[in-house]
Amino acid sequence: MSATILDGRPLAKTIAEELATEVAEFKQKHGFTPAIAVVRVGEDPASVSYAKMIQKSFEKGGMGFGLHALPEAASEAEVLALVADLNADEDVHGIIIQEPLPKGIRPEVIVEAMSPDKDVDGVHPANAGRLAQVAPVGRPPGVSDYFVPATPAGGLEILKRHNVEIKGERAVVVGRSNIVGKPMALLLLREDATVTVCHSRTANLDAICREADILCAGVGRAQMIKGDWIKPGAVVIDFGFNQLGDKWVGDVDFEAAREVASMITPVPGGTGSMTNVMLMKNVLEAARRQAAR
Ligand code: NDP
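Residues numbered from 1 in each chain as written. Predicted model: local features only at pLDDT ≥ 70, side-chain atom pairs only at ≥ 80, totals over all residues. Heavy atoms only, no water.

## Let's talk about the nonpolar core
Then step 1. If you look at the biggest cluster of nonpolar residues, it comprises 51 residues, and the most contacted ones within it are Ile 36, Phe 58, Val 120, Leu 159, Leu 188, Cys 216 and Leu 279.
Then step 2. Here this core takes nine residues from helix α10 (residues 271-292), the largest share from any one element.
Then step 3. Each of domain 1 (30-114) and domain 2 (150-273) accounts for three or more of the residues forming this core.
Then step 4. Once residues lying within four places of it in the same chain are set aside, the contact partners of Val 120 are Ile 36, His 93, Gly 94, Ile 95, Ile 96, Phe 147, Val 148, Leu 279, Asn 282, Val 283 and Ala 286.
Then step 5. In this structure, Ala 212, Ala 217, Ile 225 and Val 252 belong to the second largest nonpolar core, which totals 21 residues. (Core = buried A, V, L, I, M, F, W, Y, C linked by side-chain atoms within 4.5 Å. Buried < 20%, exposed > 50% of the residue type's maximum accessible area, 1.4 Å probe, protein only. Helix = DSSP H or I, 4+ residues; strand = E, 2+ residues; numbered from the N terminus. Domains from an automatic or database assignment. Contact = heavy atoms within 4.5 Å.)

Written as structure tokens, this is what we have:
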């Protein structure tokens, strides 16, 4: 069997077009432009290139973008003052704090200083907590307005747009970070999958992966998940983005896995393509909430 390739690029393009129309309608109706502020301290190269990608997609989609880059030597108090300004700025609807932050600046302090209403990457404890508590696990629908981190939201969107059955299926998520693994597991739980979360201390990882109808990888280790770890016919969502020599590869050994899985995201071009459009969606949602207040 050779798996269907879940190409995120055309999907991201379709969603970007849908969003551009929605953004134009929003601006017409409300007279202001949904906008994001990206906060960076220092010049981490991956953060610099990610900010450029965000800028390109937001400008192309008719949305506002502002970069607030502080020098590496900035103090925690200076970063907090910037976040407070952005919280108060009515022209800013979403804020992203880029990590890593320089030593001496505590990420959790900066993240918690952000208004949850502008936390469009769903990292503030209020948003993460609401995702953890949402129905059917806890709070009934409609009680919580919350933001989901863009990368796992993109992974779920890929599954949904390809009509992958989630309810009742066995899902395994390898990785438990706050930005990829944990929210992906919670999203799958919200969709009624039976979810196992694995991490660096998990015993018998290969055997657990082999049980998965839906296998999601957010590890950051090139091609760690082998072809024979995959259940025949499984759907594989690979969030990994790792440099291997002169190419970029996922956490899954793609060439071997595609012979076993029924569907698989490629790297590059899979989940990575979806992250920006999901972020745009969240910023539009944040602007909608502001307009409704
Ligand atoms: P983190 O380093 O924060 O988390 C990695 C997770 O993998 C941890 O939970 C860790 O376990 C687990 N892990 C590490 N080694 C092993 C192992 N040998 N076996 C099992 N689990 C292991 O990474 P991120 O979540 O930020 O990113 C994960 C990947 O996703 C990276 O490749 C990153 O580049 C990519 N990424 C992709 C994005 C996209 O847009 N597609 C966006 C963000 C990230 P433990 O908790 O025990 O340490």
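## Observations regarding empty space enclosed by the protein
Then step 1. Following the criterion strictly, the structure yields one cavity of 30 Å³ or more and no others.
Then step 2. Forming the walls of the largest cavity are Val 92, His 93, Asp 117, Lys 118, Ala 286, Gln 290 and Arg 293.
Then step 3. Class assignment for the residues of the lining of the largest cavity results in two nonpolar, two polar and three charged. (1 Å grid on protein atoms, 1.4 Å probe; cavity = no way out; pocket = protein on both sides within 12 Å on 5 of 7 lines; lining within 4 Å. Points joined across faces, edges and corners; volume = space filled by probe spheres on them. Nonpolar A, V, L, I, M, F, W, Y, C, P; charged D, E, K, R; others polar.)

## Comments concerning the packing of aromatic side chains
Then step 1. Here the structure, examined in full by the defined rule, presents two aromatic pairs.
Then step 2. Seen from their ring centres, Phe 26 and Phe 32 are 5.2 Å apart, and the 90 degrees between their planes marks the pair as edge-to-face.
Then step 3. In this structure Phe 26 comes out as buried when scored by relative accessible area, which is 4%.
Then step 4. Seen from their ring centres, Phe 241 and Trp 248 are 4.5 Å apart, and the 10 degrees between their planes marks the pair as stacked.
Then step 5. Over the face of the ring belonging to Phe 147 we find Arg 289, whose NZ or CZ atom lies 4.2 Å from the ring centre. (Phe/Tyr/Trp six-rings, centres within 6.5 Å; stacked < 30°, edge-to-face > 60°. Lys NZ or Arg CZ within 6 Å of the ring centre and 35° of its normal.)

## Brief notes about the packing of helix α6 (residues 150-161) against helix α7 (residues 181-190)
Then step 1. Look at α6 against α7: their axes get within 9 Å of each other, and the N-to-C directions meet at 40 degrees. Judged by the angle between their axes, α6 and α7 are oblique. Remark: the crossing between α6 and α7 carries right-handed chirality. Contacts between α6 and α7 pair Pro 152, Ala 153, Gly 155, Leu 156 and Leu 159 from the former with Pro 183, Met 184, Leu 187, Leu 188 and Arg 190 from the latter.
Then step 2. Taken together, the residues of the contact of α6 with α7 sort by class into eight nonpolar, one polar and one charged. (Axes fitted to C-alpha atoms, helices over the stretch in contact; angles between N-to-C directions. Parallel < 35°, antiparallel > 145°, perpendicular 65-115°, else oblique. Left-handed = near helix turned anticlockwise from the far one by under 90°.)

## Examining the pattern of salt bridges
Then step 1. Going through the model one piece at a time under the given rule, you end up with 15 salt bridges.
Then step 2. The partner of Arg 9 in a salt bridge is Asp 7, with the nearest N and O atoms 3.3 Å apart.
Then step 3. Among the residues examined, Asp 7 registers a relative accessible area of 27% and is labelled partly exposed.
Then step 4. A salt bridge links Glu 211 to Arg 170, with the shortest nitrogen-to-oxygen separation between them at 3.1 Å. With Glu 211 in the loop between α8 (205-209) and β7 (214-217) and Arg 170 in strand β5 (residues 170-174), the pair connects residues that are 41 residues apart, well separated along the chain.
Then step 5. Using a relative accessible area of 38% as the deciding quantity, one classes Glu 211 as partly exposed.
Then step 6. For Arg 170, a relative accessible area of 25% puts it in the partly exposed group.
Then step 7. Several salt bridges converge on common partners, so that one network encompasses Glu 18, Glu 157 and Arg 161. (Salt bridge = Lys/Arg side-chain N within 4 Å of Asp/Glu carboxyl O.)

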